[in-house]
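# Architecture and fold: a report
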Amino acid sequence: MEIVLAVAIGVLTTCGVWLMLRPRTYQVIMGLALLGYGVNLFIFSMGRLSVDSEPIMVAGFPPTFEFYDDPMPQALVLTAIVIGFAMTALFLVVMLAQRGFSGNDHVDGQEDAE
Amino acid sequence: MTLPLYSLVLLPFVGSLVAALLPSNARNTESTLAGAIALFCAVQAAMLFPEVAAGGVVREEIVWLPSLGLNLVFRMDGFAWMFSMLVLGIGALVVLYARYYMSPTDPVPRFFSLLLAFMGSMSGVVLSGNLIQLVLFWELTSLFSFLLIGYWHHRSDARRGARMALTVTGTGGLCLLAGVLVLGHIVGSYDLDVVLRAGDLVRAHPLYSTALVLILLGALTKSAQFPFHFWLPHAMAAPTPVSAYLHSATMVKAGVFLLARLWPVLAGTDEWFWLVTGSGLITLLIGGFVAIFQKDLKSLLAYSTISHLGLITTLLGLNSPLAAVAAVFHIINHATFKASLFMAVGIIDHETGTRDMRRLSGLWRYMPITATLTLVAGAAMAGVPLLNGFISKEMFFTEAVFVNAAPWFDTLLPLAAVVAGAFSVAYSLRFTVNVFFGPDTCHALPRTPHEPPHWMRVPVELLVLACLLVGVLPQWSIQAILSTAATPVVGGQLPAFDLAVWHGFNLPLAMSFVALAGGIGLFVLLRRPLQTGRIPRTPVLGRVSGKRMFEGTLAFITAASRRLQRVLGTRRLQAQLLLLVLVTVLAAFVALRGAGASTWLAGERKVLPFSPMFALLWLVGIGSAIGATWQAKYHRLTALALMSVAGLVTVVTFAWFSAPDLALTQLSVEAVTTVLILLGLRWLPKRSEAADRRLPLRIRLRTSARRGRDLAVALSAGGGMAALSYAVMTRDFPQSISTFFLERAVPEGGGTNVVNVMLVDFRGFDTLGEIAVLGIVALTVYALLRRFRPAPESMDLPPQQRALPTDLATDLVNAQTAADTAHGYLLVPAVLVRLLLPIAAVIGVYLFMRGHNEPGGGFVAGLVLSTAFILQYIVSGTQWVEANISLRPVRWIAMGLLMATFTGLGALFFGYPFLTTHTAHLDLPLLGEIHVASALFYDIGVFTLVVGATLLILTALGHQSVRGHRRVSTDARGAGGQTPGDL
């Protein structure tokens, strides 16, 4: 299982980074979103994987990882998801404004010299 | 009553604040305030005289960072006392003078406010007992002098002069800071008292020369000494009271103040002698020579000031205690006569409308009292006997004769002294004789001159009286003050000196007379050519323009830094992103270097059993991620859909591995993000695959190469992430702080959902920051879109809508042209979606209420509710929704943020730190015992803000379509329409 998730993180990151390096703003926004998935899963995976642990405290279970999920990476990822949404929104609007301002959708505001 | 010493620094700053807030026409109030403060502080300082005259040091310490040796120290010894008397006393006179000088149309609050602030900074320099603190106030004087020189900022010469002064003195200030740091390093303390006692240690230290040069750079730039003297004449664009204050008595004296202050520490070496005397002597000669050839009265005074400061610097450089005493004496004398002369020039300018010496002549007839005063002060500047300038100049001549350095210098110095004396006589004569005597040309002046208002002349009268008193009765008037002031400068042992007017016939007296005669000769020789303009500029030196060199240097530095920026940086974001990724990958690689893949890749932790379902799931996920990447350029909608699939697979993964909160949040964010990007798609340019294929081969090859490079980078980044996460996942925790949260979630957080408790309680401050960011982003999006100008080709209606007649009943009808879109437009879905709203609201509340104990919480609930609202927009159209529901997203944001903040602040009232949760146990009928944590209210804040922010972002974007269409349609109809989109 771990290897599947690791490969998934790798593919998402690869796609994200490749798109981020593209010249079109839309490609970059897609890339950031994919990279966001990859990074969130990565942070999540730092809490190790467990299929049937309790995410909610249950009376009688001692508070150890034997019974419970690691809550900390989850709290971090939760924050990251919301901030990621805010970033996507801001980037989208900046991208639209830039498009109206410069007349093209190149990230540098001007087409390549060639 | 004696106030603490720091009040001498603090009061002017307080006054400055008050003055800045007064109305702009309150000239009398302003000047009374400023004058009262200056006078009060001067009296306060004067009352300390008995203490410092006895050799005492008044010292106050305000502890700030004792571990770093940084405390606010104010100390006053005799020298500081004399200087604060100059600063505050002349300050009071200048304020009185400025009251009459400034025109009623000038913005006086700014003037007096800046003047007071400058006074405070200058007091700070003088009274600082800590070197770092001294540099701080030093820089403040540079700043306020910049603002004062540029007071008339509508004039380009004022702006340029101010900028030049700031650049030169500011750079010097930085050098001074470095020098002081070196000095402090040598001594081991920044405390002035300690430093002053460590002279021998400093002079013997290998870093002495470094410290000396750096400190001299600071002092010489400030005092306009060669080769940094050029800024002072350009600073004359300041209002005359500023020149009288800053450029005679205070700011330019700060440099020589520092030299004298550190005299016991730094002086006494050959380096000191050659650097300080050399610079001073050259300045003395150049300043005097150039002053003769000026046309403008103020320029003449500026160069004369440079020259006199050169004299003081030379004296301080001679390494002789008696010369240092003479320097202190000349500081006092120069301040008195030069301030009065500047004021006199201001009066002439004020009453005649010009400062051009070629146009001014015979003013005696119109302003005899001013003329007399100016004559006396001018004579003092020339060093005429029975005036104060004479005595200090005599002392200089004596020192020049007895100097003992190198044979050639021993003969050069007296000669140079006499020549400089002749120069000062010549320009003083030109200043006085030309302006007040000679033919009456006043009919050609802009204004008919007359005596100024009486109170404008009073400061000049007082200063001239001081010149006379010191000149005639030096022992009675100044001996005690000078001894007090000079003792700390020479390090405690005051040499014997005699302040008599008459010392008998000796060499210095002869030199004085030679200088006097030479000056008169020079003046007679040059008078006619200068008056008729046959000498348009200074001979020889006129060709060397300090200003041009300064501007050339600046231009060179700017050009060089631009070139460097071009070489080292790029404005292209694409390249910057690549660099960022590369550095990240490299940093990770460097950290792992040396460890073989076999040793670190797989750990010892027992892996979970393989699940084919999960693998299949991610096969889909990976496939759609790659598909989205593939399609992102030409098929945006497809890419978006595929990306959402990858997102949904992520959601399932979170759920799979026991993270229901994450799954819920990611799911709702996924929905909102998709809508968001869909709304944006419409404004992007069309991109056709076929057109790009027709590009020339060369470009296509280059593109392929770039893609290959990026692919390699992306693969290494992705491979690294995969390896890293695998390596971590297959290991056990070495240690974790998570058990802390698990243990305390229920007893201290009052909730069983640990993740939610962490968000609203343990990491509540972090969440507060996060929702603040969300709110800021929403407002930024709104603000950016208010001024949004779409590209021309995307302004029209989309082709799908244009192709249809507007009255056709179809679900593609433009919402704008149909009055009620619900008529024919998605009628059945609209009804269903409206029914969905209350249901969604109930789900939202449900998710919210259980959030503390079960999966859910403010974020998810907020996103669910806003999705329900967005659905209304999508199906019923913007106009219908806004006509029927009053949504005010900005208020939601504000309420949410306030709620969260006040809940956090509430804890403070009970004596707990910010954001501490309190849990109340209530026993309610029917419901039984429930726990109400204050975190619940915090979560309501989060919920409200998330709803507001999401709605604001999406509706602001959605409104653009309405605006775009309307603009086109009103243009077509030629009728005006209101702009929607204001929420």
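Residues numbered from 1 in each chain as written. Chains lettered and ligands numbered in written order. Predicted model: local features only at pLDDT ≥ 70, side-chain atom pairs only at ≥ 80, totals over all residues. Heavy atoms only, no water.

### A look at the overall build of chain A
Each helix and strand counted, chain A has three helices and zero strands in total. Start at the N end of chain A and walk to the C end: the helices and strands fall as α-α-α. Taken over 114 residues, chain A has a buried fraction of 65%. Counting contacts in chain A only where the partners sit at least 6 residues apart, residues at least 24 apart contribute 53% of the total. Accessible surface computed for chain A: about 3500 Å², of which carbon and sulfur atoms make up 69%. (Helix = DSSP H or I, 4+ residues; strand = E, 2+ residues; numbered from the N terminus. Buried < 20%, exposed > 50% of the residue type's maximum accessible area, 1.4 Å probe, protein only. Contact = heavy atoms within 4.5 Å. Areas by Shrake-Rupley, 256 points an atom, 1.4 Å probe, with all protein chains shown as cover.)

### Regarding the overall build of chain B
The secondary structure content of chain B amounts to 41 helices and four strands. Among the 983 residues that make up chain B, the fraction classed as buried is 53%. A fraction of 78% describes how many contacts in chain B between residues 6 or more apart in sequence connect residues 24 or more apart. Of the roughly 42500 Å² of accessible surface on chain B, 68% is carried by carbon and sulfur atoms.

### Side note on the nonpolar core
The biggest cluster of nonpolar side chains holds 198 residues, and the ones touching the most others in it are Met76, Met82, Trp231, Leu266 and Trp272 of chain B. Considering every element that reaches this core, the biggest residue donor is helix α17 (residues 321-352) of chain B, with 18 residues. Counting residues in hydrophobic clusters, the runner-up holds 128 residues, among them Ile81 of chain A together with Ala646, Ala778 and Ala935 of chain B. (Core = buried A, V, L, I, M, F, W, Y, C linked by side-chain atoms within 4.5 Å.)

### Brief notes about the confidence of the model for chain B
Residue and element names in this part refer to chain B. In the predicted model, chain B carries a mean pLDDT of 86, and 93% of its residues have values of at least 70. Of the regions scoring below 50 in pLDDT, residues 819-823 engages in six contacts with residues more than four places distant in sequence or in other chains. Here residues 966-983 is modelled with pLDDT under 50, and outside its nearest four sequence neighbours on either side it reaches 24 contacts, counting other chains as well. (pLDDT = per-residue confidence, 0-100.)

### A short note on the packing of aromatic side chains
For the coordinates displayed, the defined rule picks out 27 aromatic pairs over all chains. Between the aromatic rings of phenylalanine 79 of chain B and phenylalanine 257 of chain B, the centroid separation amounts to 5.3 Å while the plane-to-plane angle is 5°, which identifies the pairing as stacked. Taken together, the positions of phenylalanine 79 of chain B in helix α4 (residues 78-101) and phenylalanine 257 of chain B in helix α13 (residues 253-261) put the pair 178 residues apart, joining distant regions of the chain. Of the residues examined, phenylalanine 79 of chain B reaches a relative accessible area of 0% and is grouped as buried. Judged by relative accessible area, which is 0%, phenylalanine 257 of chain B ranks as buried. By way of ring pairs, the aromatic residues Phe111, Phe112, Tyr151 and Trp152 of chain B are connected into one cluster. If you follow arginine 22 of chain A out to its NZ or CZ, it ends over the ring of tryptophan 18 of chain A, 4.3 Å from the centre. (Phe/Tyr/Trp six-rings, centres within 6.5 Å; stacked < 30°, edge-to-face > 60°. Lys NZ or Arg CZ within 6 Å of the ring centre and 35° of its normal.)

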